[in-house]
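Survey of secondary and tertiary structure
The residues making up each chain are set out below.
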Amino acid sequence: MGLSPRTLELFYDVLSPYSWLLFEVLCRYQNIWNIELQLRPSCIAAIMKDSGNKPPAVLPRKAQYMTKDLKRLKQHFQVPLRFPKDFNSVILKKGSLSAMRFLTAVNMEHPESLEKVSRELWMRIWSRDEDIVDPQSILAAAQKAGLSTGKAQGLLEKSSTAQVKNQLKETTEAACKYGAFGLPITVAHVDGQTHMLFGSDRMELLAYLLGEKWMGPVPPALNAKL
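Here's what I pulled together on the structure shown here. All chains use their own residue numbering, which begins from 1 and follows the written sequence. With the structure being a predicted model, the display of local features is reserved for residues of pLDDT at least 70 and the display and counting of side-chain atom pairs for 80 or more, all residues being used for whole-chain, interface and lining totals. Just so you know, side-chain values use all the structure's heavy atoms and leave hydrogens and water out.

1. Quick look at helix 5 (residues 97-109)
Operational definition: Numbering of helices and strands runs from the N terminus, with a helix taken as a DSSP run of H or I at least four residues long and a strand as a DSSP run of E at least two residues long. Multiplying 1.5 Å by the helix residue count minus one yields the expected span of that helix. Think of it in three bands: with a 1.4 Å probe and only protein chains considered, a residue is buried below 20% of the maximum accessible area for its type, exposed above 50%, and partly exposed in between. Residue contacts follow a heavy-atom distance rule, with two residues in contact if any of their heavy atoms lie within 4.5 Å.
With 13 residues, helix 5 ought to run about 18 Å at 1.5 Å a step, and its terminal C-alpha atoms sit 18 Å apart, in line with that. Here helix 5 has its buried residues at Ala-99, Met-100, Phe-102, Leu-103, Thr-104, Ala-105 and Val-106. Where helix 5 is buried, its residues meet strand 1 (6-12), strand 2 (35-41), helix 6 (114-126), helix 7 (135-144), helix 8 (149-158) and helix 9 (162-177).

2. Thoughts on the sheet that holds strand 4 (residues 193-198)
Worth spelling out the cut-off: Only when DSSP finds a minimum of two bridges between them are two strands counted as paired. Fitted lines through C-alpha atoms give the axes, limited to the stretch in contact for helices. The angle between two N-to-C directions lies from 0 to 180 degrees.
Ordered by their spatial adjacency, four strands build an open sheet running 2-1-3-4, and the pairing between neighbours is mixed. One side of each edge strand has no neighbouring strand; the edge strands of this open sheet are strand 2 and strand 4. Pairwise comparison of adjacent strand axes, ignoring direction, gives a mean angle of 20 degrees for this sheet. Pairing geometry for strand 1 and strand 3 (residues 185-190), over five bridges, is antiparallel.

3. Digging into a nonpolar patch on the surface
Here is the rule: Each patch is built from residues lacking any salt bridge and having more than 30% relative accessible area; the joining distance is 9 Å for like charges and 5 Å for nonpolar side chains (Val, Leu, Ile, Met, Phe, Trp, Tyr). Working definition of accessibility: Shrake-Rupley area with a 1.4 Å probe, residue cover restricted to the visible protein chains. Criterion for a salt bridge: a side-chain nitrogen of Lys or Arg within 4 Å of a carboxyl oxygen of Asp or Glu.
Residues Val-58, Leu-59 and Leu-92 make up a contiguous nonpolar surface patch of roughly 210 Å² in combined accessible area. The topology assignment puts Leu-59 in the loop between helix 2 (44-51) and helix 3 (60-77).

4. Here we look at the pairing of strand 1
Looking along a regular strand, one sees side chains alternate from face to face of the sheet. Of all seven residues making up strand 1, six are buried, and the element is well covered by its neighbours. Alignment of strand 1 against strand 2, held across seven bridges, turns out to be parallel. Residue pairing for strand 2: Leu-10 is matched across the bridge by Leu-39.

5. Notes on helix 2
The following threshold applies: Directions drawn from the helix axis to the C-beta atoms are what define this arc.
All of the buried residues in helix 2 are Ile-44, Ile-47 and Met-48. The buried residues of helix 2 occupy an angular sector of 100 degrees when the element is viewed end-on, so they sit on one face. Every exposed residue of helix 2 that faces more than 90 degrees away from the buried side is listed here: Lys-49 and Asp-50. On its buried face, helix 2 sits against helix 9.

6. As for the pattern of salt bridges
Across all of its chains, the model carries 11 salt bridges by this definition. Its salt-bridge partner being Arg-6, residue Asp-191 comes within 3.2 Å of it at the nearest N-O pair. Within this pair, whereas Asp-191 is found in the loop between strand 3 and strand 4, its partner Arg-6 is found in strand 1, the two being separated by 185 residues in sequence. Across the pair Arg-128 and Glu-120 runs a salt bridge, and its minimum N-O distance is 2.4 Å. In this structure Glu-120 comes out as buried when scored by relative accessible area, which is 10%.

7. Digging into the packing of helix 5 against helix 6
Defined as follows: Our angle categories are set so that under 35 degrees counts as roughly parallel, over 145 as roughly antiparallel, 65 to 115 as roughly perpendicular, and the remainder as oblique. For any pair of crossing helices, the crossing counts as left-handed if the nearer helix is rotated counterclockwise from the farther one by less than a right angle, and right-handed if it is rotated clockwise. Residue type decides the class: Asp, Glu, Lys and Arg count as charged, Ala, Val, Leu, Ile, Met, Phe, Trp, Tyr, Cys and Pro as nonpolar, and the leftover types, Gly among them, as polar.
Running from N to C, helix 5 and helix 6 cross one another at 165 degrees; their axes reach a closest spacing of 9 Å. Classified by the angle their axes make, helix 5 and helix 6 are roughly antiparallel. In this structure, the crossing between helix 5 and helix 6 has a hand that is right-handed. Contacts between helix 5 and helix 6 involve Ala-99, Phe-102, Leu-103, Val-106 and Asn-107 from the former and Leu-114, Val-117, Ser-118 and Leu-121 from the latter. A class-by-class count of the residues in the contact of helix 5 with helix 6 yields seven nonpolar, two polar and no charged.

8. Observations regarding the packing of aromatic side chains
Filter applied, for reference: Aromatic pairs are defined between Phe, Tyr and Trp rings, using the six-membered ring for Trp, whenever the two ring centres lie within 6.5 Å; interplanar angles under 30 degrees are classed as stacked, those over 60 as edge-to-face, and all others as tilted.
Under the criterion given, the structure shown has 11 aromatic pairs. Look at Phe-23 and Trp-122: their rings are 4.7 Å apart centre to centre, the planes differ by 50 degrees, and that puts the pair in the tilted class. With Phe-23 in helix 1 (residues 17-29) and Trp-122 in helix 6, this residue pair connects regions lying 99 residues apart in the sequence. Here Phe-23 matches Trp-122 in class, with each residue buried. Three or more aromatic residues joined by ring pairs form one cluster here, namely Tyr-12, Trp-20, Phe-23 and Trp-122.

9. A short note on unusual backbone geometry
A negative phi holds for most residues other than glycine; trans holds for most peptide bonds. Cis geometry marks the peptide bond from Leu-183 to Pro-184, where omega comes out at 10 degrees. Of note, Pro-184 is situated in the loop between helix 9 and strand 3. A positive phi is found at Gln-78, a non-glycine position, where the angle reads about 55 degrees. Here Gln-78 shows up in the loop between helix 3 and helix 4 (87-94). Gln-78 sits in the exposed class, given a relative accessible area of 56%. Despite not being glycine, Asp-129 has its phi angle at roughly 55 degrees, a positive value.

In structure tokens:
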């Protein structure tokens with residue numbers, strides 16, 4: 001018998017472009033490496049507040065670096081990133097709370113759709129410069145990701161309940177307990193040990209911890225796990 005899959009938890013927020021990069025790479029590797037990928041929608045604003053951290057965009061030098069960095073990374077990761085035109089309004093003012101509550105509801109009711117709905121929300125905010133907080137925007141993303149109108153509407157209604165709000169809070173608190181000060185973080189459970197890795201640039205280290213082979217952000221297409 002082969003080894004049981006190692007559990008990887010990905011804590012993310014669609015407001016974070018670096019979360020999108022890591023999300024896509026881990027989704028590519030989930031059928032290559034011997035892992036069980038668990039997606040954990042979280043609230044980056046709450047993590048920042050809890051840790052005393054600040055978004056890189058509010059610090060001029062970090063903001064300049066981030067702009068150049070993401071332009072390079074979009075090509076390297078082959079992810080269609082594009083900055084919103086009104087960055088301050090979209091990222092710093094509107095945020096993503098309603099979107100993350102919706103993803104939490106999706107994870108609770110239809111976890112098989114979480115990957116596609118998450119990707120579509122990222123496509124809206126970080127590729128097509130479209131809204132992700134208005135109810136109609138969220139419904140459009142869900143339907144484009146394959147959910148029926150009825151399911152999407154039901155999830156939207158559920159996303160405003162105390163149950164969903166509490167679940168998002170619990171997931172975010174779990175990230176904080178692992179030591180998160182921003183997103184994304186990957187939590188790898190390997191041989192009885194827990195490893196928290198921050199950012200989208202720790203894949204080589206993650207592969208080492210898992211005893212797997214890192215083949216770059218766009219690995220060869222394989223139909224079965226190695």
